[in-house]
Every structure is written in structure tokens, then in C-alpha cells.
Amino acid sequence: MIINRYLVREMSKPFLVTLGMLSALFASYSAASFLADAVNGLLPTDMIAILIGLKLLIAFEVLIPISLYISVVLAFGRLYSDSEFTAMSALRVTPARVMGAVLTLAGGLALGVAVLSLVVRPLAYQKMHELTGEAAVLLNIDEMAAGTFYISDHGNRAIFLAHREGPGLPASDVFVRIKQGDHMQVIYARLAFPLEPTSRDADRKVYLRDAHIYVIGSAPEYPDRVLSAQGIVVSPNSHAYDPPEYSSVAASSAALVRSSAPADVAELQWRLSTGVSTILLGMLGVPLSRTRPRQSRYAKIGTAILIYSAYYLVCTTARTWVQHGTVPSFPGIWWVPALLALAVFVALYQPTFQFRRTASGFDPSTGSHDAA
């Protein structure tokens, strides 16, 4: 038990560091795109943190397996480099015990990844679709800049400011186009002043001075009209948005089980395969970590990343084939984890295909010793 706890602890430390670094990088990349929309007034700033958190939850089903995979390569690479596996051999530590420690950590993480994929992933996608649908009809008028067309409400609302000195300041030569059923409104105002909201949850409204409103009808019962006003108050936002359309990624796992649509089958198989991939990648890290004594623990990182990149690319390609009906539901995407399982078996148990053994002669994945 001491050896098992030691091996699990050695893998857990680089796992947490790797997962933290990958999560920070992914969150930073997501924040960059969301912040660009927020600066342009297309996304309320209070939604940014929520959307980043939801995307990170979805990404954990990929970040956790690769973090485990890299942590095994790093941890066991250090044990090889420091000849600790040689000492374990002298203590009669069997390959089964070493692999058991890997499976202990990988099994627990695989269970968590399965829950994330089958339960958390669809809920996160549902919430993201709701928020993006709501954001599509909202505009942050304080951040609007001159010379840019701001489109919201799925193209039914457009605003253009010809001149503005900076955020929050009055604008001149303002154009607003609103499509409503069988008619369209075009508003031109010489000046526009943003008004302070009456409450925290109230919409930001705009006071338009010297406004001209053109109502253009598309049916005989809606004739064209022209109205002029010395001043009017309008809200650039609309709270009437359509509910999100059906999406496989946002559907519950129970609904996917009952569906035979190719897109639903591909999504369900992807969710089920993430836990399996977690265990297989953890096992694959054992033979990939083999290094010579005093060789750098990072010697196999490049090879490990290339192998994972190829596996992930083939997985996503297989998923796309199933979505488009190019590949039937069986074998679906399962042939890709099957190939990975075969590669793990060959690397662990076929001497003719084994990676180079260490100079110490001990291989924890096979228990073999080279002749001195």
C-alpha cells in the first residue's frame, strides 16, 4: 500500500499542475473571444465569466484525460531517470502493482469524466445556448463606438453611430433599423444620449433628439408613414428571443439513447468513449515513459503529445463521419478506442514491439530484466 500511495502521489502532482495550466490556457483563449464581443457591445459583461466557466466545464472531458496521460509520462519518466524503478524491482514490486496504481488514479478520473460527459456536458450546453440566445437580443449601449454596425435579435435590430467621442458619451447622426412583423422602422436622430437605468435590472435606454421615424410596410394594410419628434426615448434591447433549437450536444443522454439520428448516435458514443479513453491513455503513458537512468524525464513528452494529437484528431474525424452518416452506428467511433487499446496491448506485452528498455534492465510494465 505504501508503494501504491507513493506512485499515485507522484502521478497526482504533475496531473494537477498540468490540468491547471491547460485550464488557464483554455479559459484565456475563451475570454479573448468573449471580451472582443463585450468591447463591441455585443455581449453583456456580466455574462462573460458564466460563459467561460461553462466552456471550461465542457472542456474538462478532454483536459482531464490528456493531463492524466502527460502526468504518467512525467512521473514515471522521473522514476526511470532516478533509478527508482530499479529499487522497486529489488523490493519485488511487480508490474501488476505498478499498473494497479495507474488504474486506481485513471479509474477514479474516468468515472468523473463519464459524469461530466453524460450529465454536466448537456446541461452546460443548454445553459450556453440560453445565454447566447439572450445575448443576441441585448446590446451594451455604453460601449458602442462610432463607425460600427451593431446587429442583435438575429438581424432584426441594427444600430449605427456616425460620430461619438467615446464610450458613455452622446452620439450624433444615429441610425436605428427595427424589423417588426410586416413592417420595418428606420429611425434617424441628430443626437442620442444614454440614460441611467432606473434600477439595477432595468434596461439602458437612449434619448433621441430631433428624430425622424420612417415606418415602411410590406403589406397593403401597413402603409408607409413618416413621423418626426423633437425627442423620444427608445430601448435598443429586445427581450423577445426564440428558444434554442434542438442540438445533439445539448440533448440529455437519455434522449440520445432513444434516438437513431446519426448526429445523436455520434454524440452519445462520444460521451461514452471519454471515460474509456481516460483509462487507455493512462495505461499508454506507462510504456511511453520508459527512459534510461539519468535521462531527462521530459525525453518522451514530444512523442507523447504527437501520439495524443493523432488520437484526438482521428476521434473527432470518426465522430464527424458518424454524424454525416458516412460510417454506420456500428462500429461508429468505437474502432478508434479499439485501436488505442490494441496499441496499449502491443506496447505492454509484445517484446518485439516494446520501446527501448532502460539500462537498469527493469521494466515495470512487463517485469522483464535484461541480461547483465
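Just above, that's the structure.
Per chain, residues are indexed from 1 in the order of the written sequence. Reporting in this predicted model follows two pLDDT cut-offs: at least 70 for local features of residues, and 80 or more for side-chain atom pairs to be given and counted; totals over whole chains, interfaces and linings ignore these cut-offs and use all residues. The side-chain numbers reported here are obtained from all heavy atoms of the structure, hydrogens and water having been left aside.

Novice: Looking at this structure, how should I read the environment of glycine 53?
Specialist: In this fold, glycine 53 is placed in helix α2 (residues 48-81). Linking glycine 53 and methionine 128, residues 75 residues apart in sequence, is a C-alpha distance of 10.0 Å. Put simply, DSSP marks the helices as runs of H or I at least four residues long and the strands as runs of E at least two long, and each gets a number from the N terminus on.

Novice: How should the environment of leucine 340 be read in this particular structure?
Specialist: Turning to its location among the elements, leucine 340 is positioned in helix α8 (residues 335-349). Put simply, leucine 340 and tyrosine 311 are 29 residues apart on the chain and 7.8 Å apart in space, counted from C-alpha to C-alpha. By the convention used here, residues are in contact when the closest approach between their heavy atoms is within 4.5 Å. In this structure leucine 340 touches Leu280, Leu281, Leu284 and Tyr311, once residues within four positions along its chain are discounted.

Novice: Just to check I follow, could you spell out the nonpolar core for this structure?
Specialist: The tendency in soluble globular proteins is for nonpolar side chains to be buried side by side. Only buried residues count toward a nonpolar core, which is a set of Ala, Val, Leu, Ile, Met, Phe, Trp, Tyr and Cys residues joined through side-chain atoms within 4.5 Å. Burial classes: relative accessible area under 20% of the type maximum marks a residue as buried, over 50% as exposed, and values in between as partly exposed (1.4 Å probe, protein chains only). With 55 residues, the main nonpolar core has Leu7, Met11, Tyr69 and Phe76 as its most contacted residues. Only α1 (2-39), α2, α3 (84-90), α4 (95-135), α6 (262-288), α7 (301-323) and α8 provide two or more residues apiece to this core. Among all residues touching tyrosine 69, those that are not within four sequence positions of it are Leu281, Leu284, Gly285, Leu288, Ala304, Ile307 and Tyr308.

Novice: How should I be thinking about unusual backbone geometry in this particular structure?
Specialist: Note: most peptide bonds trans; most residues except glycine with negative phi. Here the bond from phenylalanine 330 into proline 331 is cis, since omega is 10°, no more than 30 degrees from zero. Inspection of the secondary structure puts proline 331 in the loop between α7 and α8. If you check the backbone angles, aspartate 173 has positive phi at about 55° while not being a glycine. As for its position among the elements, aspartate 173 is in strand β3 (residues 171-180). Unlike most non-glycine residues, aspartate 210 shows phi in positive territory, near 50°. Along the chain, the position of aspartate 210 falls in strand β5 (residues 206-217). For aspartate 210, a relative accessible area of 28% puts it in the partly exposed group.

Novice: Is there a simple way to explain a nonpolar patch on the surface in this structure?
Specialist: Without a salt bridge and with relative accessible area above 30%, a residue can belong to a patch; like charges are then joined within 9 Å and nonpolar side chains (Val, Leu, Ile, Met, Phe, Trp, Tyr) within 5 Å. All accessible-area figures derive from a Shrake-Rupley calculation using a 1.4 Å probe, and residue coverage is judged against the displayed protein chains alone. Each reported salt bridge corresponds to a side-chain nitrogen of Lys or Arg within 4 Å of a carboxyl oxygen of Asp or Glu. Taken together, the side chains of Leu111, Val115, Val119 and Leu123 make up a nonpolar region of the molecular surface, amounting to roughly 370 Å² of accessible area. Under the relative-accessibility criterion, leucine 111 is labelled exposed at 59%.

Novice: I tried to follow the side chain of serine 289 on my own but got confused; where do I start?
Specialist: Of note, serine 289 is situated in the loop between α6 and α7. On the basis of relative accessibility, which here comes to 1%, the residue serine 289 falls in the buried class. At 2.7 Å, the side chain of serine 289 forms a polar contact with the backbone oxygen of valine 286. Here serine 289 is in contact with Val72, Val73, Phe76, Gly77 and Tyr80, once residues within four sequence places are set aside. Polar contact is the term for a pair of N or O atoms within 3.5 Å; when the atoms are in protein, one must be able to donate a hydrogen and the other to accept it, and sequence-neighboring residues count only if both atoms are side-chain atoms.

Novice: Mind showing me how you'd approach the packing of aromatic side chains here?
Specialist: For any pair of aromatic rings, geometry is given as the distance between the ring centres together with the angle between the planes. Within 6.5 Å between ring centres, the rings of Phe, Tyr and Trp (the latter by its six-membered ring) count as paired, and their orientation is classed by plane angle as stacked under 30 degrees, edge-to-face over 60, tilted in between. Tallying each qualifying case throughout the model produces 6 aromatic pairs. A centroid spacing of 6.2 Å and a plane angle of 35° characterise the contact between tyrosine 69 and tyrosine 308, whose relative ring orientation is tilted. Of this pair, tyrosine 69 sits in helix α2 while tyrosine 308 sits in helix α7, and the two are 239 residues apart along the sequence. Through successive ring pairs, a cluster of aromatic residues spans Tyr69, Trp270, Tyr308 and Tyr312. Both a distance and an angle decide whether a charge sits over a ring: NZ of Lys or CZ of Arg must be within 6 Å of the ring centre and within 35 degrees of the ring normal. Lying across the ring of tryptophan 270, arginine 319 places its NZ or CZ 4.9 Å from the centre.

Novice: Looking at this structure, how should I read the pairing of strand β4 (residues 183-194)?
Specialist: A regular strand carries its side chains on alternate faces of the sheet. Two strands make a pair as long as DSSP finds a minimum of two bridges between them. The pairing of β3 with β4 spans 9 bridges and is antiparallel. Bridge pairing links arginine 177 to valine 186 in β4. As paired strands, β4 and β5 are joined by 11 bridges and run antiparallel to one another. Bridge pairing in β5 links glutamine 185 to valine 215.

Novice: Whenever I open this one, α8 confuses me. Can you help?
Specialist: Every α-helix carries 3.6 residues per turn, so stepping three or four residues along brings you back to the same face. An expected span of 1.5 Å times one less than the residue number is assigned to each helix. Spanning 15 residues, α8 covers 21 Å between terminal C-alpha atoms, matching the ideal 21 Å at 1.5 Å per step. Residues of α8 that are buried include every one of Val336, Pro337, Leu340, Val344, Ala347 and Leu348, and no others. Buried residues in α8, looked at end-on, bunch into an arc of 105°, giving them a common side. This arc is taken over the directions from the axis of the helix to the C-beta atoms.

Novice: How should I be thinking about the pattern of salt bridges in this particular structure?
Specialist: Any two side chains of opposite charge can pair, given that their charged atoms come close. One pass over the structure, following the stated rule, counts 7 salt bridges. In this structure, the salt-bridge partner of glutamate 10 is arginine 78, at a minimum N-O distance of 2.9 Å. With a gap of 68 residues between them, glutamate 10 in helix α1 and arginine 78 in helix α2 connect regions that are remote in the sequence. Taken individually, glutamate 10 and arginine 78 each receive the classification buried, so the pair is uniform in this respect. Put simply, arginine 190 and aspartate 210 hold a salt bridge, and the shortest N to O gap is 2.8 Å.

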